[in-house]
Amino acid sequence: MAKYPFETIEPKWQQYWAEHKTFKAVEDPSFPKEKRCYVLDMFPYPSAQGLHVGHPEGYTATDIYCRYLRMNGYNVLHPMGFDAFGLPAENYAIKTGTHPAATTAANINQFRTQIKSLGFSYDWDREIDTSSEKYYRWTQWIFLKLFEKGLAYEAESPINWCPSCKTGLANEEVKDGCCERCGAKVSRKRIRQWILKITAYAERLLEDLDGLDWPEPVKLMQRNWIGRSEGANVSFTIDSPEGLVIEIYTTRPDTLFGATYMVLSPEHPLVGIITTPDQKAAVTAYVDAAAKKSDLERTDLAKVKTGVFSGSYAINPVNGKRIPVWIADYVLISYGTGAIMAVPAHDERDWDFAKAFNLPIIQVVSPAPPENPRGGKAPLVPAAQSASSTTPLPGGSAPNPPASEPAECTVAEGWSVNSGEFTGLPTAEAKAAITAWVEARGLGKKAVNYKLRDWIFSRQRYWGEPIPVVHCERCGIVPLPGTDLPLRLPEVQSYTPTGTGESPLAGINDWVNTVCPKCGGKAKREINTMPQWAGSCWYYLRYLDPDNSNAFAAKDTIEYWAPVDLYVGGVEHAVLHLLYSRFWHKVLYDLGLVNTKEPFQRLVNQGMILGEDNQKMSKSRGNVINPDDIVKNFGADSMRVYEMFMGPLEVTKPWLTAGLVGVSRFLERLWAIAEKPVIEKLPAEALGAAQAEELIRLLHKTIRKVSGDTATLNFNTAISAMMVYSNELVKLAELPRCLWEPLVLMISAYAPHLGEELWEKLGHTGSVSRAAWPAWDEKLTADNEVTVVAQVNGKIRDKFSTAAGTVREELEKTALALPGVLKWTEGQSIVKIITVPDKIVNIVTKP
């Protein structure tokens, strides 16, 4: 048996596909809308490390699906490109002086070569690179549309700051509170930032998830990230002549009577205003210390609560009580209003804080209705009559809490207690009633809040899209006209950060200093650049028309292909990339530039491939599998089929070289079968009626199984079915063409190089990918013989084989004669027989 020569066959067919542009997609109007399919992989960042075995898993899945669709008469768009802006290339430039563009180009070439070596059926004429000027021109153009709609604005915002590198860091660069590059402890620093108003689309981003065919866990992650909640905004007035107001948002207005103190985040603008002189030193020290912590550290539920008293008090609007205002880092400026009313009896973080600082804890929700609820319309306590029962002692401590303090914190809903006229109301009613009460008195109002924050969009980096605006002393922020796009990145001598928090662009005076496009006066270019997310927000649209110089994509091509029918990628992008893409798409939809509300109709997340040690692959563990080595030693087709045979696409599974060897032997078996003489005789003539009928039925069952499983992305079971069928063909001395050719067609989607070669050996010209997928006859998939289970009083006692469709009387007669049934019915009276044709005969007896 000759060895399958993958090392010569695979390059041969890769060259054929490239020369003939076999997979080029064309907007052919003869294909009806239902016969067009846009299948997309999440495009890779071209790192210096090249592909890892996790990349080909998703790429292989979509490739098989696309080949299957084409062979079933679909017009398929299946493109590939590169998410090319990013931090690694810039960090490499800082170390070596190599321009990021040069590093990125070299990495893209490496990725492209690796991807092509695996035989994926991409339309390479549509390749995109987000760092190319002809691409980021349109990224800048979309930014200007966001700016025109008031969705892009400037504000001072905290960033991660590395004191050693003297630069701002993206969240992705911070690991465990330290700079990923140098290991220094990261702090927080407020600088000017560009921000996108994604919160304006929060409700639509939430509502439109319902119509998407996405995994429910991903939808849930997006819903939680958006974090819609209903509650009330309530105003607490500072007890001072100025009458300053602290506005808080709460989802539990029913607990307002239990608010015994307030907390401001260290970044809250009122901190410096309400802090009393005697507390100023302590508050300043605390704010400085908080700035050195990450948000993750600050919100860790397990950490010891810290805080400092501001020296000021606020008035609880529902009972007029004077309560202290504290500063604590467990409250973030990025959520809600950056201030909270603290209800320690019913919030675990507030409970821990109150215990740490000896603050009062008042229960206002009971798990059971109070026995003597306060009824009627008794007035609430006016502010003027309140007494300070919660005045802290010097040093920030408070007097001992009241004796009625509950034994534990309870966050569940129940019935209001200790809540004035609202005592006795169930939680839902209390929420509505108290909200209406504060709203009627101008002390608050019903509100909807979102955890989602506006998107900090700028980076203090070089290797990113320049933001196309200028700062004019006379006109303010002025967008560049579309005719000035792309605004190109300038050449620089150094990529090292300036140390001021500004990007390296700040030091290039010839580029920064410019003229205002509005008034012609002196102006300065924006020196922040866009984040890597920008290019990936809309890349699926550029694939539709990658060379268009007049628009990001022509209207007719968008109408032809959009939306993406199937999007496949890792679950690590479940929130941010998908959320940002959906946001941009909805803006474009509102502008009438795209034809759908959502960009990706169906989403599938492939599972992670672990090392042979069941650990995540990493260089430090020494368990990384290099796909180049697999292709060299086993061939691309073996790798493709093995990654699909490992298990269901969506689950995590370990790499096992022994499994790869087994798949390689399967492909060797197919090559060996192809060496047998192929005959044109009908199976019955060549094999005899009985064997022919058995093989024909197995073939049609296999076609049905492989077709259904390929259409539903259940590739592992499809491969198993082809393995079973090939085991029967290998036994034959001669191959009837009608039994062999359908298997060649099916395997060509999974192992395309081998499929092409076998198709050619069968005497065909042209690519097998243009051939029709085999059809099955449903009648021939039905079993001739079935196994019927014989039960006595519901317990299996025997079984027998019989022809499918055997009549009820014959089934019962056969069952009653079985040894197992005779044993268990001996001495018994048969009460009745329950028969399900082709499945069960159940004999009911009694003594």
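For the structure itself, consult the block above.
Residues numbered from 1 in each chain as written. Predicted model: local features only at pLDDT ≥ 70, side-chain atom pairs only at ≥ 80, totals over all residues. Heavy atoms only, no water.

Undergrad: Looking at this model, I keep getting lost on the overall build of the chain. Mind explaining?
TA: When helices and strands are tallied, the chain shows 27 helices and 31 strands. Along the first, second and third principal axes, the C-alpha atoms of the chain reach 105 × 90 × 50 Å. The long-range share in the chain, meaning contacts at least 24 apart out of those at least 6 apart in sequence, stands at 73%. In the chain, 91 positive and 98 negative side-chain charges are present, and the distance between their average locations comes to 2 Å. (Helix = DSSP H or I, 4+ residues; strand = E, 2+ residues; numbered from the N terminus. Contact = heavy atoms within 4.5 Å. Lys, Arg positive; Asp, Glu negative; His and termini not counted. Charge placed at Lys NZ, Arg CZ, Asp CG, Glu CD.)

Undergrad: Would you mind going over the pairing of strand β30 (residues 829–836) with me for this structure?
TA: For a regular strand, side-chain orientation follows a simple rule: the groups alternate between the two sheet faces. For β30 and strand β31 (residues 840–846), the ladder comprises seven bridges, and the chain directions are antiparallel. Bridge pairing in β31 places Ser829 opposite Lys846. The antiparallel pairing of β30 with β31 creates a hairpin that spans three residues between the two strands, and Asp838 there sits at a positive phi of about 70 degrees. (Pairing = 2+ DSSP bridges.)

Undergrad: So what exactly am I meant to see when it comes to the environment of Ile477 here?
TA: Mapped onto the fold, Ile477 is located in strand β19 (residues 476–479). Relative accessible area serves as the criterion here: at 29%, Ile477 is assigned to the partly exposed category. A sequence separation of 438 residues divides Ile477 from Val39, and the C-alpha atoms of the two residues are 40 Å apart. Those residues in contact with Ile477 that sit more than four places away from it in its chain are Phe147, Glu154, Trp194, Val469, Val470 and His471. (Buried < 20%, exposed > 50% of the residue type's maximum accessible area, 1.4 Å probe, protein only.)

Undergrad: What is the right way to look at the pattern of salt bridges in this model?
TA: Side chains that differ in sign of charge can pair as their charged atoms come close. Applying the stated criterion to the full structure yields 35 salt bridges. Here Lys355 ties to Glu405 by a salt bridge, and the two come within 2.6 Å at their closest N and O atoms. Linking Lys355 in helix α11 (residues 348–357) with Glu405 in the loop between β14 (365–366) and β15 (415–416), this pair joins segments that are 50 residues apart in sequence. A salt bridge links Glu728 to Lys731, with the shortest nitrogen-to-oxygen separation between them at 3.3 Å. A residue is classified by how much of its surface remains accessible, and Glu728, at 25% relative accessible area, is partly exposed. One connected set of salt bridges, linked through shared partners, spans Asp208, Arg582, Lys586 and Glu598. (Salt bridge = Lys/Arg side-chain N within 4 Å of Asp/Glu carboxyl O.)

Undergrad: Explain the nonpolar core here, please?
TA: In a soluble, globular protein the nonpolar side chains are often hidden away together inside. Counting 150 residues, the largest nonpolar core has Phe143, Trp455, Trp584, Trp740 and Tyr750 as the members making the most contacts within it. The residues touching Tyr750, leaving out its near neighbours within four places in the chain, are Ile64, Arg640, Val641, Val706, Thr710, Phe715, Ala718, Ile719 and Met722. (Core = buried A, V, L, I, M, F, W, Y, C linked by side-chain atoms within 4.5 Å.)

Undergrad: In this structure, what is going on with the sheet that holds strand β29 (residues 795–803)? I would like to understand it.
TA: Backbone hydrogen bonds are what pair the strands of a sheet, in a parallel or an antiparallel way. Strand order in the open sheet formed by four strands is β29-β28-β31-β30, with mixed pairing between adjacent strands. Strands at the two margins of the open sheet, each flanked by one partner only, are β29 and β30. The mean inter-strand angle of the sheet, taken between neighbouring strand axes irrespective of direction, is 20 degrees. Across the sheet, helix α26 (residues 808–816) lies against β28 (785–792), β29, β30 and β31, angled at about 130 degrees from β30, the strand it touches most. (Axes fitted to C-alpha atoms, helices over the stretch in contact; angles between N-to-C directions.)

Undergrad: Explain the sheet that holds strand β3 (residues 152–162) here, please?
TA: Pairing within the open sheet is antiparallel, and its four strands lie in the order β4-β3-β7-β17. Edge positions in the sheet fall to β4 (167–169) and β17 (455–456), since each of these pairs with one other strand and no more. The strands touched by helix α5 (residues 133–148) are β3 and β7 (187–196); relative to β7, the strand with the most contacts, the crossing angle is about 90 degrees.

Undergrad: Honestly, unusual backbone geometry in this entry has me stumped. Any pointers?
TA: The bulk of non-glycine residues show a negative phi, and the bulk of peptide bonds are trans. The omega torsion of the bond from Leu485 to Pro486 falls at 5 degrees, within 30 degrees of zero and hence cis. Here Ala562 and Pro563 are connected by a cis peptide whose omega angle stands at 0 degrees. Considering the arrangement of structural elements, one finds Pro563 in the loop between α16 (555–561) and β22 (566–569). The phi angle at Asn358 is positive, at roughly 55 degrees, despite the residue not being glycine. As for its placement among the helices and strands, Asn358 is situated in the loop between α11 and β14. In this structure, Asn614 takes a positive phi of about 65 degrees despite not being glycine. Within the secondary structure, Asn614 sits in the loop between β24 (609–610) and α18 (627–634). Given the relative accessible area of 48%, Asn614 is considered partly exposed.

Undergrad: How should the packing of aromatic side chains be read in this particular structure?
TA: The geometry of an aromatic ring pair comes down to the distance between the two centres and the angle between the two planes. Counted by the stated rule, this structure contains 43 aromatic pairs. Plain terms: the ring middles of Tyr68 and Trp773 are 4.9 Å apart, the flat faces sit at 85 degrees to each other, and that makes the pair edge-to-face. With a gap of 705 residues between them, Tyr68 in helix α2 (residues 54–71) and Trp773 in the loop between α25 (752–761) and β28 connect regions that are remote in the sequence. For Tyr68, a relative accessible area of 10% puts it in the buried group. Judged by its relative accessible area of 7%, Trp773 is buried. The ring of Trp161 carries the charged tip of Lys189 above its face, separated from the ring centre by 3.9 Å. (Phe/Tyr/Trp six-rings, centres within 6.5 Å; stacked < 30°, edge-to-face > 60°. Lys NZ or Arg CZ within 6 Å of the ring centre and 35° of its normal.)

Undergrad: Looking at this model, I keep getting lost on α25. Mind explaining?
TA: One turn of an α-helix holds 3.6 residues; hence residues three or four places apart share an orientation. Burial analysis of α25 places eight of its ten residues in the buried class, the great majority of the element. Listing the buried residues of α25 in full gives Pro752, His753, Leu754, Gly755, Glu756, Glu757, Leu758 and Trp759. As for α25, its buried residues are in contact with α1 (6–20), α2, α19 (636–645), α20 (657–674) and α24 (737–750). One or two positions beyond α25, positive phi appears at Gly763, with a value near 95 degrees.

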